[in-house]
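Topology and contacts: notes
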Amino acid sequence: MAILRRASSTRKAELADAALHIIATKGIAALSTRSVAEQVGLSSGAMFRHFATVDALLDAVAVRVDSVLDATFPPADLPARDRLERFIEARSSAVGAQLGIMRLVVSEQFFLSLPPDASSRLAACVRKSRAFVVACLREGQEAGDFRRDIDAEALSVVVVGTIRMLALSASPRSSRSPGRTEAASVRAALFALLAPASAASRKPRGRPP
């Protein structure tokens, strides 16, 4: 019985991934139990055994997104800078592999198209991710690893924007994938931006001689 439940859970995750692919490539309007069934080679009857309605499918998609995103959070015992660096790399890779995730969490239109439970779950994912980034930045500021002249909330916008850019570039559907070296360079540039200002840059500027 446990094996059957595990197989059903795996199958639902596969179907949710197929739904995310359709959302990424065709938009949420193209999503239906039939289109997902065709995507994975199932009959409509077999699909109905897993999801009787589109809303049930979308609820499963939200659960799948929650699971994928939750796996990108690094161990809590790492220093703030290391946690943030690992998070950026893991999150951009995960979302790059499933661009439907970005469409769901970024677009207000997609949020409004979801059932209430699914919408609430995804909104909680967004809040948790942003809170994690802000917490890392604040902790890093206190440790002297990150600049303190800009509020952590404002810096978090730059971090999240970089993650989205890296995710789009890393997507298999991207016409220009940056590759590991360039992606690492982008992350290095971000951390250079986050680094504390140098002593020279903090000196007051006097009038030119």
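Bear in mind that the values here come from a model prediction, so they are computed numbers and not experimental data.

Attention now goes to helix H2 (residues 33-40). Among the residues of H2, those classed as buried are Ser35, Val36 and Ala37. Looking one or two residues past H2, Gly41 carries a phi angle of roughly 80 degrees, positive in sign.

On average, residues of the protein carry a pLDDT of 85, and 86% of them reach 70 or more. Within the model, the stretch residues 199-209 combines pLDDT values under 50 with 1 contact to residues more than four positions away or in other chains.

Take the packing of helix H4 (residues 54-70) against helix H8 (residues 116-143) next. Running from amino to carboxyl end, H4 crosses H8 at an angle of 15 degrees, the nearest separation of the two axes being 8 Å. The orientation of H4 relative to H8 falls into the category roughly parallel. For the element pair H4 and H8, the recorded crossing hand is left-handed. Touching Leu58, Asp59, Ala62, Val63, Val65, Asp66, Leu69 and Asp70 of H4 are Asp117, Ala118, Arg121, Leu122, Cys125 and Lys128, all from H8. Residues belonging to the contact of H4 with H8 are distributed by class as follows: 8 nonpolar, no polar and 6 charged.

On to the nonpolar core. Of all hydrophobic cores here, the largest spans 35 residues; its most connected members are Leu31, Val36, Val65 and Leu104. For this core, the secondary-structure elements that each account for two or more residues are helix H1 (2-26), H2, H4, helix H5 (80-97), helix H6 (99-106), helix H7 (108-113) and H8. Apart from the residues within four sequence positions on either side, Val65 is in contact with Leu20, Ile101, Leu104 and Leu122. Residues Phe132, Cys136, Ile163 and Ala183 belong to the second largest nonpolar core, which totals 19 residues.

Looking at the secondary structure, you find Arg81 in helix H5. The spacing of Arg81 and Leu137 is 56 residues in sequence and 7.8 Å in space, taken between C-alpha atoms. Contact partners of Arg81, with chain neighbours within four places excluded, come to Asp145, Phe146 and Phe191.

Parameters and conventions
Residues numbered from 1 in each chain as written. Predicted model: local features only at pLDDT ≥ 70, side-chain atom pairs only at ≥ 80, totals over all residues. Heavy atoms only, no water. Buried < 20%, exposed > 50% of the residue type's maximum accessible area, 1.4 Å probe, protein only. Helix = DSSP H or I, 4+ residues; strand = E, 2+ residues; numbered from the N terminus. pLDDT = per-residue confidence, 0-100. Contact = heavy atoms within 4.5 Å. Axes fitted to C-alpha atoms, helices over the stretch in contact; angles between N-to-C directions. Parallel < 35°, antiparallel > 145°, perpendicular 65-115°, else oblique. Left-handed = near helix turned anticlockwise from the far one by under 90°. Nonpolar A, V, L, I, M, F, W, Y, C, P; charged D, E, K, R; others polar. Core = buried A, V, L, I, M, F, W, Y, C linked by side-chain atoms within 4.5 Å.

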